[in-house]
Amino acid sequence: GGMGMMVVGYFYMQMARTNSPFVVAASIFNRLLLVPPMFAVAGMLGARWQVCLAIALLDTALALLTFHRWQADPANGSGTHQGYEADVPKREN
């Protein structure tokens, strides 16, 4: 339960640090298409529907804002951003 979610969250944060277009796209896709139905089912199964509705709406709105912000970033729009490794200065030997 809780430990599994913590591990998944840790890996999610590490992937987000790469700023990979694939990770961002997967995150937006999952948050738009999987989170609202998941919370709808949870609400129908007896969870507090107000909390489920609030989380589903908020996460959907934040996913849309993430998509908008990601598209507005010139580094992502040109498709030339190389992720975290490109931001790390190279060491001289």
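Going by the structure above, here's the rest.
Residues numbered from 1 in each chain as written. Predicted model: local features only at pLDDT ≥ 70, side-chain atom pairs only at ≥ 80, totals over all residues. Heavy atoms only, no water.

**Q** Sorry if this is basic, but what is going on with the pattern of salt bridges here?
**A** For the coordinates displayed, the defined rule picks out 1 salt bridge. Asp59 serves as the salt-bridge partner of Arg31, at 3.2 Å between the closest nitrogen and oxygen. Of the two residues, Arg31 is situated in helix α2 (residues 21-33) and Asp59 in helix α4 (residues 49-72); the sequence distance between them amounts to 28 residues. For the pair formed by Arg31 and Asp59, the shared burial category is buried. (Salt bridge = Lys/Arg side-chain N within 4 Å of Asp/Glu carboxyl O. Helix = DSSP H or I, 4+ residues; strand = E, 2+ residues; numbered from the N terminus. Buried < 20%, exposed > 50% of the residue type's maximum accessible area, 1.4 Å probe, protein only.)

**Q** Can you walk me through a nonpolar patch on the surface in this structure?
**A** On the surface, Met3, Met6, Val7, Tyr10, Phe11 and Met13 cluster together into a nonpolar patch covering about 670 Å² of accessible area. Among the secondary structure elements, Met6 is positioned in helix α1 (residues 2-17). (Patch = residues over 30% accessible without salt bridge, like charges linked within 9 Å, V, L, I, M, F, W, Y side chains within 5 Å. Areas by Shrake-Rupley, 256 points an atom, 1.4 Å probe, with all protein chains shown as cover.)

**Q** Which parts of the structure should I look at to understand the packing of α2 against helix α3 (residues 35-44)?
**A** If you want to describe how two helices pack, look at the angle between their axes and the distance between the axes. Put simply, α2 and α3 touch, their axes get as near as 3 Å, and they point 35° apart. Across the interface between the two elements, Asn30, Arg31, Leu32 and Leu33 from α2 touch Val35, Pro36 and Pro37 from α3. A per-class count over the contact of α2 with α3 returns 5 nonpolar, 1 polar and 1 charged. (Axes fitted to C-alpha atoms, helices over the stretch in contact; angles between N-to-C directions. Contact = heavy atoms within 4.5 Å. Nonpolar A, V, L, I, M, F, W, Y, C, P; charged D, E, K, R; others polar.)

**Q** Please clarify how α2 should be interpreted in this entry.
**A** An α-helical turn contains 3.6 residues, so any two residues separated by three or four positions project in the same direction. A rise of 1.5 Å per residue sets the reference length of α2, with its 13 residues, at 18 Å; its end C-alpha atoms lie 18 Å apart and thus fit the reference within 8%. On its buried side, α2 packs onto α1, α3 and α4. (Expected span 1.5 Å × (residues − 1).)

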